[in-house]
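Per-entry structural report
Each chain, written out:
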Amino acid sequence: MKSYLAAAIQMTSVSNLQKNLTQAEELIDLAVRQGAELIGLPENFAFMGEENEKMAQAGAIAQETEKFLKTMAQRFQITILGGGFPVPVDDTSTRVYNTALLLEPNGQEVARYQKVHLFDVNVPDGNTYRESTTVMAGKELPAVHFSQELGNIALSVCYDVRFPELYRYMAHKGADVIFVPAAFTAFTGKDHWQVLLQARAIENTSYVIAPAQTGINYARRQTHGHAMIIDPWGVILADAGEQPGVAIAEINPARLEQVRRQMPSLQHRVFV
Ligand SMILES: O=C(O)CNC(=O)[C@H](CS)NC(=O)CCC(=O)C(=O)O
């Protein structure tokens with residue numbers, strides 16, 4: 001594993017696939033110009049809108065988005081994580097998997113994760129979320145992708161961050177860098193987002209890269225922003241604030257090794 005720069009992209013996706021892919025491409029370009037080699041896009045980067053609109057276009061969103069990710073990986077010679085986007089369960093199904101994909105610079109897909117924990121929550125701000133009406137829950141733990149150059153990379157999506165057992169599993173598999181692409185609500189985000197991400201980084205002594213949605217996406221949907229990169233000690237290395245942009249920081253194997261020496265908690269696990 002080498003030292004390199006990673007980027008967590010922050011965007012305001014809307015209910016227009018082409019607009020979103022254009023915005024994503026501009027931000028990827030910006031991150032690459034600053035030297036990023038590992039780049040993450042947030043949950044719903046390709047489409048964020050009403051559920052019925054999303055479902056009507058799900059097949060096209062899935063196809064176009066996979067093609068887009070491959071093009072970006074190859075053109076910019078980067079490893080890229082496509083946050084969560086809808087992929088129909090099968091040809092006849094009326095449901096999708098909320099899917100995160102990791103591709104390497106040659107355009108090959110190296111990891112695919114289907115969001116396991118669905119956001120079916122009545123948020124105290126009056127918004128009701130029933131992700132399970134359109135999304136099929138994934139049933140598999142995420143594969144951890146071993147990269148000789150970039151370290152062991154693990155995938156999760158948004159609401160998953162509230163389920164530490166998923167991250168414990170990743171740590172067990174040797175994760176060095178954990179992705180948490182999200183579209184966190186503004187209401188829950190202000191109190192929970194940063195704390196949860198720091199906890200996952202600290203308890204697993206791993207880097208956390210958290211791309212995010214920000215601003216007003218559609219109707220009454222407002223997202224929290226603060227895409228960030230956190231080091232294995234829990235220090236916030238970069239925070240994108242509230243505007244679309246990128247959070248960039250160094251992923252450093254010497255720092256990983258140092259923190260794991262200073263705080264060997266993973267080695268002291270008793271029950272898992
Ligand atoms: O609703 C939308 O249009 C976009 N949001 C999403 O797609 C997903 C599922 S509804 N959002 C979350 O998981 C938020 C979790 C969260 O905010 C928390 O855990 O507090």
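None of the values given here were measured: they were computed from a predicted structure.

Quick look at the pattern of salt bridges now. By the definition in use, this model includes 15 salt bridges. Taking the shortest distance from any N to any O, the salt bridge between Glu 64 and Lys 67 comes out at 3.6 Å. Of this pair, Glu 64 and Lys 67 are both found in helix α3 (residues 58-76), three residues apart, which corresponds to roughly one turn of the helix. In this structure Lys 67 comes out as exposed when scored by relative accessible area, which is 53%. Among the ionic pairs, Arg 255 bridges to Asp 231, the shortest N-O distance being 2.9 Å. Placement of Arg 255 in helix α6 (residues 253-262) and of Asp 231 in the loop between β14 (228-230) and β15 (236-239) is noted, with a sequence separation of 24 residues between them. Accessibility expressed as a relative area gives 23% for Arg 255, which makes it partly exposed. Each of Lys 2, Glu 37 and Glu 149 takes part in salt bridges that share partners, so that together they form one network.

Most of strand β12 (residues 212-218) is tucked away: five of the seven residues are buried. Looking at chain direction, strand β1 (residues 4-11) and β12 are connected through two bridges and run parallel. In the sheet register, Gln 10 faces β12, and the bridge partner there is Ala 212. With four bridges connecting them, β12 and strand β13 (residues 221-224) associate as antiparallel partners.

Asn 44, Arg 162, Thr 188, Tyr 218 and Arg 221 are the nearest of the 16 residues found near the ligand. Thr 185 places a polar main-chain atom, nitrogen or oxygen, 3.0 Å from an oxygen atom of the ligand. At 2.8 Å from an oxygen atom of the ligand is found a side-chain nitrogen or oxygen belonging to Tyr 218. Its free accessible area being 490 Å², the ligand has 95% of it covered by the protein chains.

Further remarks concern α3. With 19 residues, α3 extends 27 Å from end C-alpha to end C-alpha; this agrees with the ideal 27 Å at 1.5 Å per step. Turning to α3, its buried residues number three or more, namely Ala 58, Ile 61, Ala 62, Thr 65, Phe 68, Leu 69, Met 72, Ala 73 and Phe 76. Down the axis of α3, the smallest arc covering the buried residues is 135°, so these residues share one side. The outward face of α3, more than 90 degrees from its buried face, is lined by the exposed residues Gln 63 and Lys 67. For α3, the secondary structure elements touched by its buried residues are α1 (17-33), β2 (36-41), α2 (51-56), β3 (79-88) and β4 (96-103). Just downstream of α3 lies Gln 77, where phi reads positive at about 55°.

Procedures and definitions
Residues numbered from 1 in each chain as written. Predicted model: local features only at pLDDT ≥ 70, side-chain atom pairs only at ≥ 80, totals over all residues. Heavy atoms only, no water. Salt bridge = Lys/Arg side-chain N within 4 Å of Asp/Glu carboxyl O. Helix = DSSP H or I, 4+ residues; strand = E, 2+ residues; numbered from the N terminus. Buried < 20%, exposed > 50% of the residue type's maximum accessible area, 1.4 Å probe, protein only. Pairing = 2+ DSSP bridges. Near = heavy atom within 4 Å. Polar contact = N/O pair within 3.5 Å; in protein donor to acceptor, adjacent residues only side chain to side chain. Areas by Shrake-Rupley, 256 points an atom, 1.4 Å probe, with all protein chains shown as cover. Expected span 1.5 Å × (residues − 1). Arc of directions from axis to C-beta. Contact = heavy atoms within 4.5 Å.

Scope: geometric values only; no functional claims are made or implied.
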